[in-house]
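Spelled out, the chains give:
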Amino acid sequence: MNNKLKIAGAPMKDMPWQARPEGSKEVVWRYANNPIIPRNLLPTSNSIFNSAVVPFGSGYAGVFRCDDTNRRMRLHVGFSDNGIDWKIEEQPLKFECNDPEIGEWVYGYDPRVCFIEDRYYVTWCNGYHGPTIGVAYTFDFKTFHQLENAFLPFNRNGVMFPKKINGNFAMLSRPSDNGHTPFGDIFYSESPDLEYWGRHRHVMSPAPFEDSAWQCTKIGAGPIPIETSEGWLLIYHGVLNSCNGFVYAFGSALLDLEQPWKVKYRSGPYLITPQTTYECMGDVPNVTFPCAAIHDSETGRIAIYYGCADTVTSLAFGYIDEIIEFTKANSII
Ligand code: BMA
């Protein structure tokens, strides 16, 4: 690894990993045994995808998007010893909430999990008169305390930063519509208390299609940003509106450390776009949708968890220093 690059976070010597296949020049490569989570891992699951995992105890924990056989969007807790083989609880996650108006479950999807200071925060797309950003915290992945929704509907892809910025909690999000949004920019917001959010700043718009067509319709933050000495490494999804419908790929950007709404570099080429059978075929064909990443601050290894075709969950690997170099060398800004 580039010796000058500093990456925040704990060493994760035993994190999920598979070396780059021989002869491959890909910056990010797929796990050979993808998908790691089949659609029917639970007797009641139609599909398990767009899910969030973190190191927890001596292994890993996660919040999974499991659409059930009624095709209702539900969140479930799961645990794993190695980050690859998962046991997901059959009963959906239940949030405790002091305000029944907010705690009433309508639907939930596309969770992210972020460790800040002493606890794990869950953000997800929460049904409240349309999609908005739900927020909860847990210490143990048993009891989850639900807080106020961060924003008014309609909003999706709420992704917290793993530490306070300018003394406040910070979150990226993507204002949307009530359907299959045909637009979408990433914004940044801060909160002193996780109840009141403000200081909204614009981060990025979709790219001009002449520059980078995979991200020309809408974009949304993916995994929790990773702090490095080159800036916050943001992996995000982008959408192309093809004559056969939306295509979801993902790429990378570097955000300013103190003012993360300022984009320093943004890659023109994608890191991953739907190419394999499990990415191109499923309930929604041609979707690769990252919601989590685990990294080792010492070697720079990163394991990206991404949903495939709204049906299954997969893993891809890379090195943070190589992704940063790629982002800088191919930047469209
Ligand atoms: C988005 C979200 C994602 C989904 C994607 C493709 O709007 O609903 O959960 O993966 O569409 O269907």
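All values reported here derive from a predicted model rather than from experimental measurement. (Residues numbered from 1 in each chain as written. Predicted model: local features only at pLDDT ≥ 70, side-chain atom pairs only at ≥ 80, totals over all residues. Heavy atoms only, no water.)

Engineer: Can you explain the pairing of strand 9 (residues 131–138)? Please cite residues and give values.
Structural biologist: Most of strand 9 sits inside the fold, with eight of its eight residues counted as buried. As defined by bridge partners, strand 8 (residues 119–127) adjoins strand 9 across eight bridges and the pair is classed as antiparallel. Bridge assignment links Y121 to a residue of strand 9, and that residue is Y137. Hairpin remark: strand 8 followed by strand 9, antiparallel, with three residues in the connecting loop; positive phi at H129, about 55°. Looking at chain direction, strand 9 and strand 10 (residues 144–146) are connected through two bridges and run antiparallel. Among the inter-strand pairings, A136 is bridged to a residue of strand 10, identified as Q146. Linking strand 9 back to strand 10 in an antiparallel pair, the connection comprises five residues, with F141 at a positive phi of about 60°. (Buried < 20%, exposed > 50% of the residue type's maximum accessible area, 1.4 Å probe, protein only. Helix = DSSP H or I, 4+ residues; strand = E, 2+ residues; numbered from the N terminus. Pairing = 2+ DSSP bridges.)

Engineer: A description of the nonpolar core should follow, citing residues and the corresponding values.
Structural biologist: One finds W86 and F141 to be the most contacted residues of the largest nonpolar core, which totals 37 residues. Only strand 2 (45–56), strand 3 (59–68), strand 4 (73–80), strand 8, strand 20 (288–295), strand 21 (301–308) and strand 22 (312–319) provide two or more residues apiece to this core. With five residues, the single largest contributor to this core is strand 3. Excluding anything up to four places from it in sequence, W86 contacts I36, I37, L41, V53, Y60, A61, G62, F64, G78, F79, S80 and Y305. Of all hydrophobic cores here, the second largest spans 33 residues; its members include I186, W197, M204 and W232. (Core = buried A, V, L, I, M, F, W, Y, C linked by side-chain atoms within 4.5 Å. Contact = heavy atoms within 4.5 Å.)

Engineer: Quick rundown of the pairing of strand 17 (residues 231–242)? Include the residues and the values.
Structural biologist: For strand 17, the tally of buried residues reaches nine of 12 residues, placing the bulk of the element in the interior. Across four bridges, strand 15 (residues 218–221) lies against strand 17 in antiparallel orientation. In the sheet register, A221 faces strand 17, and the bridge partner there is Y236. As paired strands, strand 16 (residues 226–228) and strand 17 are joined by three bridges and run antiparallel to one another. Opposite I226, over in strand 17, you have L233 as the bridge partner. Taking the residues that link successive antiparallel strands as the turn, the strand 16-strand 17 hairpin has two residues.

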